[in-house]
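# Tertiary structure, described
Okay, here's what each chain looks like letter by letter:
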Amino acid sequence: MNARMSPDDLVLLLQRWLDRLVRRLRLGRAPVPGQRRLLVVQIDGLSRAVLERAVAEGRMPFLRRRLQRGGCRLHSMSVGLPTSTPAFQMAAMYGVPPDIPGFHYHDKRRGADVYFPRAGDAALVEEMQAGGRRGIVTGGSTYGCVFTGGAAYSLLTFAMLKRPSGKGVLRALSAFLVLAWVVVKSVAISVAEIGRALVVLVADPVSAPRGWKLLALKIGVSVWIRQLFTLSAARDIYAGTPAIYVNYLDYDIFAHAWGPRHRRALRSLRAVDASLKILWRAVRRVSEHRYDLYILSDHGQAHCTPYDRLNGGRRIERLLFEEFLVPAGAHEVAPGRRGGRGMASGIKAIRSGRAPGVVQRFVNYLESDYPWLLGEVKEARQQGDVRVIAAGPNAFVYFLDDPQPLALERIDERFPGLVDDIARSRGIGFVLARAAGGPMCVWRGKRYRLEELGEGPFAGRGDLDLVQAGIRDLMAMPSAGDLVLYGLEAPNGHVSFIAEIGAHAGPTADEMHTFIVTPPGVAWPGPITHPLQLYPHFARYQDAA
């Protein structure tokens, strides 16, 4: 071990001495050495392909050394559908098949949306779906996750957003030396970054607005939050916390903004690699605690074009009502309405932005730019008994008059031609629906069953069996839309229904195929084709504790 200690190491060592003093005075004995402890580091949004590129280009030198000479092993992992953080963490942390079709969706049984950044939603989903099962982080700490995994202490975890003064924040404040050093170090780095940005501004004032956006992301996420997560987790390692789960958000956020292979996204991996080195050094300094360090990713990302760029600025949830759906009853086939999907232009114009009147235009403006004033999230829209939610490269259509998922046969009876017309429209890759014989995929107006997907949108995929299994799992979720629209595999390239360049939730190879790096000497169970397989392995650490 290198005898030279960094300032981070010195602060953590001083804090460890202080922690021992506090423990002697108030908290009793230190953790018993000897039992194996779990440390999971998640690099959010990083596919295996991009990881291998970053390692080969020298962007992650520490991880490359660990893989080449440190005894760590890199394994492939497929994460199923949807390729999103909530679904991955529910499966991996609790070992239950998730009913989480996207980052934003509607639960017809409860009559309410689930939107994970909204305070309380993640906690409710965790309580309902975990079902009292023991999480892999029970008694430990989580940082930057969607769910707690049973952790006693959480920091910036969605499930704890309603308790901003809860145990996680109080524990961070109690580690005064660590927190103070994070502030000092982050301020110094922030000042340096701002100074560098001012130099760039003078040299290229035209690019200043986008440059300031990058600077804000870099300082907020890749300096302050990452430093806080890293040193707080290192403090937990010194204290012998039984399980730790850290989720680094840097790459995922930059990839959403600029694309998964953009130089700015790739550059963020160097900072994550530096944090990995700090955690690994902390593990070595307290080898008596026997931490096993795992590095993994929950999904990858696909490079996309935002949908509104293809459709004159109209979002998918607005365009569906304007071009395919109208307020309740106007298009539905019934004894008194045999006109099929004939459009009623006067009715269709209501809340579409084309109806006359100052009040109507004001309501349309609020819906578009300030939906929260109307109790909505921007990516959701409802007219009558039809609700549309855009969640990324996927969008959900719900028919709310039936609390159960509506089969394709029933949709065809009520809305003849609707599904095929949507699948042929600009910016749509394919549409998924439930049918009597199993899930159906509608691609460019033609319908394919799961066993026929190799002839349709997924022709030539070597992992077709994983795609089929993922679609089967997704459409088995009660909360998935009656129709699930994907912009992926669209005729002109991948499309996302929200304002992002990097997107995930779908079945492209970049999204589905990630990785896990295992520590030396750990027996690995074999190929991972779904995050459910991670739970038994990680749960053994709880059994040992």
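This text goes with the structure placed above it.
First things first, this report covers the structure right here in the doc.

Scoring rules and cut-offs
- Residues numbered from 1 in each chain as written.
- Predicted model: local features only at pLDDT ≥ 70, side-chain atom pairs only at ≥ 80, totals over all residues.
- Heavy atoms only, no water.
- Helix = DSSP H or I, 4+ residues; strand = E, 2+ residues; numbered from the N terminus.
- Buried < 20%, exposed > 50% of the residue type's maximum accessible area, 1.4 Å probe, protein only.
- Contact = heavy atoms within 4.5 Å.
- Areas by Shrake-Rupley, 256 points an atom, 1.4 Å probe, with all protein chains shown as cover.
- Patch = residues over 30% accessible without salt bridge, like charges linked within 9 Å, V, L, I, M, F, W, Y side chains within 5 Å.
- Salt bridge = Lys/Arg side-chain N within 4 Å of Asp/Glu carboxyl O.
- Lys, Arg positive; Asp, Glu negative; His and termini not counted.
- Charge placed at Lys NZ, Arg CZ, Asp CG, Glu CD.
- Polar contact = N/O pair within 3.5 Å; in protein donor to acceptor, adjacent residues only side chain to side chain.
- Pairing = 2+ DSSP bridges.
- Axes fitted to C-alpha atoms, helices over the stretch in contact; angles between N-to-C directions.
- Phe/Tyr/Trp six-rings, centres within 6.5 Å; stacked < 30°, edge-to-face > 60°.

## Let's talk about the overall build of the protein
Each helix and strand in the protein was counted, giving 18 helices and 20 strands. The buried share among the 545 residues of the protein stands at 56%. Of the contacts made within the protein by residues no fewer than 6 positions apart, 71% connect residues no fewer than 24 positions apart. Roughly 22,800 Å² of accessible area belongs to the protein as shown, and the carbon and sulfur atoms make up 57% of that amount.

## Some details on the environment of L228
Considering the arrangement of structural elements, one finds L228 in helix 8 (residues 208–239). For the pair L228 and Y143, spaced 85 residues apart in the sequence, the C-alpha separation amounts to 9.3 Å.

## What about the environment of V137?
Counting through the fold element by element, V137 comes out in the loop between helix 5 (121–130) and strand 5 (141–143). V137 gets classed as buried once you look at its relative accessible area, which sits at 1%.

## Comments concerning a positive patch on the surface
A surface patch of like charges, here positive, comprises R64, R65, R69 and K277. It is helix 3 (residues 61–69) that contributes the most residues to the positive patch, 3 residues altogether. Secondary-structure assignment places R65 in helix 3. Residue R65 is classed as partly exposed on the basis of its relative accessible area of 33%.

## Examining the environment of Q533
Among the secondary structure elements, Q533 is positioned in the loop between strand 20 (513–518) and helix 18 (534–544). For the pair Q533 and A91, spaced 442 residues apart in the sequence, the C-alpha separation amounts to 8.3 Å. If near-sequence neighbours (up to four positions away) are discounted, Q533 is found in contact with P527 and I528. Within the structure, the side chain of Q533 is placed 3.3 Å from the backbone oxygen of P527, a separation counted as a polar contact.

## A look at the pattern of salt bridges
Pairs can form between side chains of opposite charge once their charged atoms are near each other. As enumerated under the stated definition, the model contains 22 salt bridges in all. The partner of D482 in a salt bridge is K108, and the shortest N-O contact between them spans 3.1 Å. You can see D482 sitting in the loop between helix 16 (464–475) and strand 17 (483–486) and its partner K108 sitting in the loop between strand 3 (104–107) and strand 4 (112–115), a full 374 residues away along the chain. Under the relative-accessibility criterion, K108 is labelled buried at 12%. Note that R461 and D463 form a salt bridge whose closest N and O atoms lie 2.7 Å from each other. Across the pair, exposure class does not vary: R461 and D463 are buried alike. Overlapping salt bridges bring together R53, E57 and R59 as one network.

## With respect to the sheet that holds strand 17
Strand-to-strand pairing in sheets goes through backbone hydrogen bonds, with the strands running parallel or antiparallel. Reading across from one edge, 11-12-13-17-14-15-16 is the order of the 7 strands in this open sheet, with antiparallel pairing throughout. A single partner strand is all that each edge strand has here, and the edge strands are strand 11 (380–383) and strand 16 (446–449). Averaged over all neighbouring strand pairs, the angle between strand axes comes to 20°, with direction disregarded. Bridge count between strand 12 (residues 386–390) and strand 13 (residues 394–399): 5 bridges; the pairing is antiparallel. Counted as the bridge partner of V388 is V397 from strand 13.

## Quick look at helix 9 (residues 250–258)
For helix 9, the buried fraction is high: 8 of the 9 residues fall into the buried class. Note on helix 9: the residue one or two positions beyond its end, G259, has a positive phi of about 115°.

## Some thoughts on the sheet that holds strand 1 (residues 37–43)
Taken in spatial order, the 7 strands line up as 2-20-8-1-7-5-6 in an open sheet, and their pairing is mixed. Of all strands in the sheet, those bounded by a partner on one side alone are strand 2 (73–78) and strand 6 (153–155). Neighbour-to-neighbour, the strand axes of the sheet open up by a mean angle of 15°, direction not taken into account. Pairing analysis gives 3 bridges linking strand 5 to strand 6, with the strands arranged parallel. Bridge assignment links T142 to a residue of strand 6, and that residue is S154. Each of strand 2 and strand 20 is contacted by helix 2 (residues 48–56), which is oriented at about 155° to strand 2, the strand it contacts most.

## A short note on the side chain of T514
Inspection of the secondary structure assignment puts T514 in strand 20. Looking at T514, the relative accessible area reads 1%, which means it is buried. For T514, the side chain forms a polar contact with the main-chain oxygen of S297, separated by 3.1 Å.

## Things to note about the packing of aromatic side chains
This model, assessed by the stated rule, comprises 16 aromatic pairs. When the ring of Y143 is compared with that of F229, the centres are 5.9 Å apart and the planes differ by 50°; the resulting orientation is tilted. Here the residue Y143 occupies a position in strand 5, and F229 occupies one in helix 8, the gap between them amounting to 86 residues. With respect to burial, Y143 and F229 carry one shared label: buried. Each ring, one from F396 and one from Y398, has its centre 6.1 Å from the other, and the planes form 45°; the classification is tilted. For the residue pair F396 and Y398, the accessibility class agrees, reading buried in each case. Every member of this aromatic cluster is reached through a ring pair, and the members are F103, Y105, F116, F147 and F158.

None of the figures reported here should be taken as evidence of function without further support.
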